[in-house]
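Here is how the chains run, residue by residue.
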Amino acid sequence: MDDIRAELESHIALVPDFPEPGILFRDLTPVFTRAELFRGMVDAMVEPFAGRYDAFAGIEARGFLLAGAASMRTDAGVLAVRKAGKLPRATLAESYALEYGVARLEVHADELDPGARVLVLDDVLATGGTAAATCSLVERAGWEVAGVAVVLELEALGGRSALKGREVFSLLQA
Ligand SMILES: O=P(O)(O)OC[C@H]1O[C@H](OP(=O)(O)OP(=O)(O)O)[C@H](O)[C@@H]1O
Ligand SMILES: Nc1ncnc2[nH]cnc12
């Protein structure tokens, strides 16, 4: 596990002033191009929740990569959590704030069976706005939140307090 953490740290690019001045952006695209590292990262994210989930919530856009990959490594499918206006059938929606703006997420209200256990996956946990909105959508739809797993937690931004009472796992902290 320490090996993969060190490998990950060396392949996350730090980009100052993106997408706006004052934000230090953590870019994981160099991880996604390295299949073995990507695979090891996804395995390490879901392992703490083994046997406790039925589906992975993939949050558009970067969370899609993680949830799709996790699905191929396990026997759980993907719940697509999309930015507003993209899903064609009846949806539930939540608006939220994140480190650099506001947004709205949606899920199809009937996508999973009642009581399905959903593990939320994303690359970065910053303010927690995105993950908290996703958890709220999952519960409003009648499913359960198994937990939240992220690659990188930006501790100073307080994401964990936005997710009080939830099991949160991060591979790396900054
Ligand atoms: O904890 P928060 O403050 O909510 O921030 C974390 C979110 O920000 C990023 O997504 P972004 O909305 O930039 O979308 P993208 O995946 O489409 O780039 C990241 O992938 C998380 O989803
Ligand atoms: N600093 C950051 N880098 C990458 N993704 C983010 N999402 C929210 N804050 C972020």
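Up top is the structure.
Being a predicted model, the structure only gives us computed values, none of them experimental.

The rules we used
Residues numbered from 1 in each chain as written. Chains lettered and ligands numbered in written order. Predicted model: local features only at pLDDT ≥ 70, side-chain atom pairs only at ≥ 80, totals over all residues. Heavy atoms only, no water. Helix = DSSP H or I, 4+ residues; strand = E, 2+ residues; numbered from the N terminus. Buried < 20%, exposed > 50% of the residue type's maximum accessible area, 1.4 Å probe, protein only. Polar contact = N/O pair within 3.5 Å; in protein donor to acceptor, adjacent residues only side chain to side chain. Contact = heavy atoms within 4.5 Å. Near = heavy atom within 4 Å. 1 Å grid on protein atoms, 1.4 Å probe; cavity = no way out; pocket = protein on both sides within 12 Å on 5 of 7 lines; lining within 4 Å. Sits in = over half its atoms within 2 Å of the grid points. Pairing = 2+ DSSP bridges. Axes fitted to C-alpha atoms, helices over the stretch in contact; angles between N-to-C directions.

Engineer: Honestly, the side chain of Glu 153 in this entry has me stumped. Any pointers?
Structural biologist: By the element assignment, Glu 153 lies in strand β8 (residues 144-153). In this structure Glu 153 comes out as buried when scored by relative accessible area, which is 5%. Looking at Glu 153, its side chain comes within polar contact range of the side chain of Ser 170, at 2.7 Å. Setting aside anything within four residues of it in sequence, one finds Glu 153 in contact with Leu 125, Arg 160, Ser 170, Leu 172, Gln 173 and Ala 174.

Engineer: What is the right way to read the site of ligand 2 from this model?
Structural biologist: In the region of ligand 2, the neighbouring residues are Leu 24, Phe 25, Arg 26, Arg 62, Glu 99, Tyr 100, Val 124, Ala 126 and Leu 154. At 2.9 Å, a backbone N or O of Arg 26 approaches a nitrogen atom of ligand 2. In a pocket analysis with a 2 Å cut-off to the grid points, ligand 2 is assigned to the largest pocket. For the shell around ligand 2, the element with the highest residue contribution is strand β2 (residues 24-27), accounting for 3 residues.

Engineer: Whenever I open this one, the environment of Thr 74 confuses me. Can you help?
Structural biologist: Mapped onto the secondary structure, Thr 74 falls in the loop between α4 (62-73) and β4 (77-83). Counting along the chain gives 31 residues from Thr 74 to Asp 43, while the straight-line C-alpha distance between them is 9.1 Å. Only 2.8 Å separates the side chain of Thr 74 from the backbone oxygen of Ala 70, close enough to count as a polar contact.

Engineer: Looking at this structure, how should I read the pairing of strand β5 (residues 91-98)?
Structural biologist: Successive side chains on a regular strand alternate, one facing one side of the sheet and the next facing the other. Direction of pairing for β5 relative to strand β6 (residues 101-108): antiparallel, over a ladder of 8 bridges. From the neighbouring strand, Tyr 96 faces β6, where its bridge partner is Ala 103. The hairpin turn running from β5 into β6, its antiparallel successor, is 2 residues long.

Engineer: Any chance you could explain the sheet that holds β8 here in plain terms?
Structural biologist: Two pairing modes exist for strands in a sheet, parallel and antiparallel, and in both the strands are linked by backbone hydrogen bonds. Ordered in space as β5-β6-β4-β3-β7-β8-β9, the 7 strands form an open sheet in which the pairing is mixed. Each having just a single partner strand, β5 and β9 (168-173) make up the two edges of the open sheet. Direction aside, neighbouring strands of the sheet carry axes that sit 25° apart on average. Both strand β3 (residues 55-59) and strand β7 (residues 117-125) contribute to a ladder of 4 bridges, which runs parallel. Its bridge partner being in β7, Gly 58 is matched across the sheet by Leu 121. Against the sheet, helix α3 (residues 35-46) makes contact with β3, β7, β8 and β9, and its axis sits at roughly 140° relative to β9, the strand it touches most. Helix-sheet contacts for helix α5 (residues 129-140) involve β3, β4, β5, β6, β7 and β8, and the interaxial angle to β5 is about 160°.

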